[in-house]
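Geometric and topological summary
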Amino acid sequence: MGIVSGLLLLPLAPVRGTAWIADHLLREARRQVHDPRAVQARLAALNRALDEGAIDEAAFEREEERLLALLERPYRPTGRTPTMDRAQRRHG
């Protein structure tokens, strides 16, 4: 990036910085949602909720199925962020 383009794009720096932070937060949140230990803890809490009568059998089965699916297909980060995807769609 040259000096002129750098100066012209300088007002966009806060937006680009915010987008960068948002991308990293999203990536970390996805990683934590798919963490096997976190999923197993949610399964244990789900079982307790069923035992305590806080949820019914149908709700238990729906959520259990969703959580087990998370365990079966582990999260594999692609290195692509939503911002990169949008930019590639515009130019590609």
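Every chain begins its residue count from 1, and numbering advances along the sequence as written. Local features are withheld for residues below a pLDDT of 70 in this predicted model, meaning they are given only at 70 or higher, and side-chain atom pairs are given and counted only at 80 or more; totals for whole chains, interfaces and linings count all residues. For the side-chain quantities, the full set of heavy atoms in the structure was used; hydrogens and water were omitted.

The name recorded for the protein chain in an unreviewed UniProt entry is Gas vesicle protein, from Streptomyces pactum.

Here the focus is the environment of Ser-5. Only DSSP runs of H or I covering at least 4 residues are called helices, and only runs of E covering at least 2 are called strands; the numbering of each starts at the N terminus. Position of Ser-5 relative to the elements: it lies in helix α1 (residues 3-9). Any pair of nitrogen or oxygen atoms within 3.5 Å is treated as a polar contact; in protein, a donor-acceptor pairing is required on top of that, and neighbouring residues in sequence qualify only through side-chain atoms on both sides. Within the local environment of Ser-5, its side chain forms a polar contact with the backbone oxygen of Gly-2, the two atoms lying 3.2 Å apart.

Moving on to the confidence of the model for the protein chain. Residue-level confidence of the predictor, termed pLDDT, takes values from 0 up to 100. Per-residue pLDDT for the protein chain averages 81, and the proportion of residues at 70 or more is 78%. Mean pLDDT in the protein chain bottoms out at helix α5 (residues 82-91), which sits at 49, and peaks at helix α3 (residues 36-52), which reaches 93. The contact definition used throughout considers only heavy atoms, calling two residues in contact when any of these lie within 4.5 Å. Counting interchain partners and residues more than four positions distant, the pLDDT-below-50 stretch residues 88-92 has one contact.

The next subject is the pattern of salt bridges. Pairs can form between side chains of opposite charge once their charged atoms are near each other. Salt bridge, as used here, is a side-chain nitrogen of Lys or Arg placed within 4 Å of a carboxyl oxygen of Asp or Glu. According to the stated counting rule, one finds three salt bridges in the structure shown. Across the pair Asp-35 and Arg-37 runs a salt bridge, and its minimum N-O distance is 3.5 Å. The exposure class assigned to Asp-35 is buried, which follows from its relative accessible area of 17%. The partner of Arg-66 in a salt bridge is Glu-63, and the shortest N-O contact between them spans 2.6 Å. Whether a residue is buried, partly exposed or exposed follows from its accessible area with a 1.4 Å probe, protein chains only, as a fraction of its type maximum: under 20%, in between, or over 50%, in that order.

Two joining distances apply to patches: 9 Å for like charges and 5 Å for nonpolar side chains (Val, Leu, Ile, Met, Phe, Trp, Tyr), and every residue must have over 30% relative accessible area and no salt bridge. For the area figures, the Shrake-Rupley method with a 1.4 Å probe applies, and any residue is considered shielded solely by the protein chains shown. On the surface, Val-4, Leu-8, Leu-9, Leu-12 and Val-15 cluster together to form a nonpolar patch covering roughly 480 Å² of accessible area. Topologically, Leu-9 is positioned in helix α1.

Attention now moves to the environment of Trp-20. Structurally, Trp-20 is set in helix α2 (residues 13-33). In this structure Trp-20 comes out as exposed when scored by relative accessible area, which is 55%. Polar side-chain contacts of Trp-20 include one of 2.9 Å to the side chain of His-24.

The biggest cluster of nonpolar side chains holds six residues, and these are Val-39, Leu-43, Leu-46, Phe-60, Leu-67 and Leu-70. Those elements that place two or more of their residues in this core are α3 and α4 (57-72). Aside from chain neighbours lying at most four places away, what touches Phe-60 is Leu-46, Asn-47, Leu-50 and Ile-55. Buried Ala, Val, Leu, Ile, Met, Phe, Trp, Tyr and Cys residues that are joined via side-chain atoms within 4.5 Å together make up what is termed a nonpolar core.

Helix-helix packing is characterised by the crossing angle of the two axes and by the distance between the axes. Contact pair α3 / α4: the axes reach a minimum separation of 10 Å and the direction vectors enclose 170 degrees. Considering the angle they form, α3 stands roughly antiparallel to α4. Seen from α3, the contacting residues are Pro-36, Val-39, Gln-40, Arg-42, Leu-43, Leu-46, Asn-47 and Leu-50; seen from α4, they are Glu-57, Phe-60, Glu-63, Glu-64, Leu-67, Leu-68, Leu-70 and Leu-71. Between the N-to-C directions of two axes lies an angle of 0 to 180 degrees, each axis being a line fitted to C-alpha atoms and, for a helix, fitted only over the stretch in contact. An angle counts as roughly parallel when it lies under 35 degrees, as roughly antiparallel when it exceeds 145, as roughly perpendicular when it falls between 65 and 115, and as oblique in every other case.

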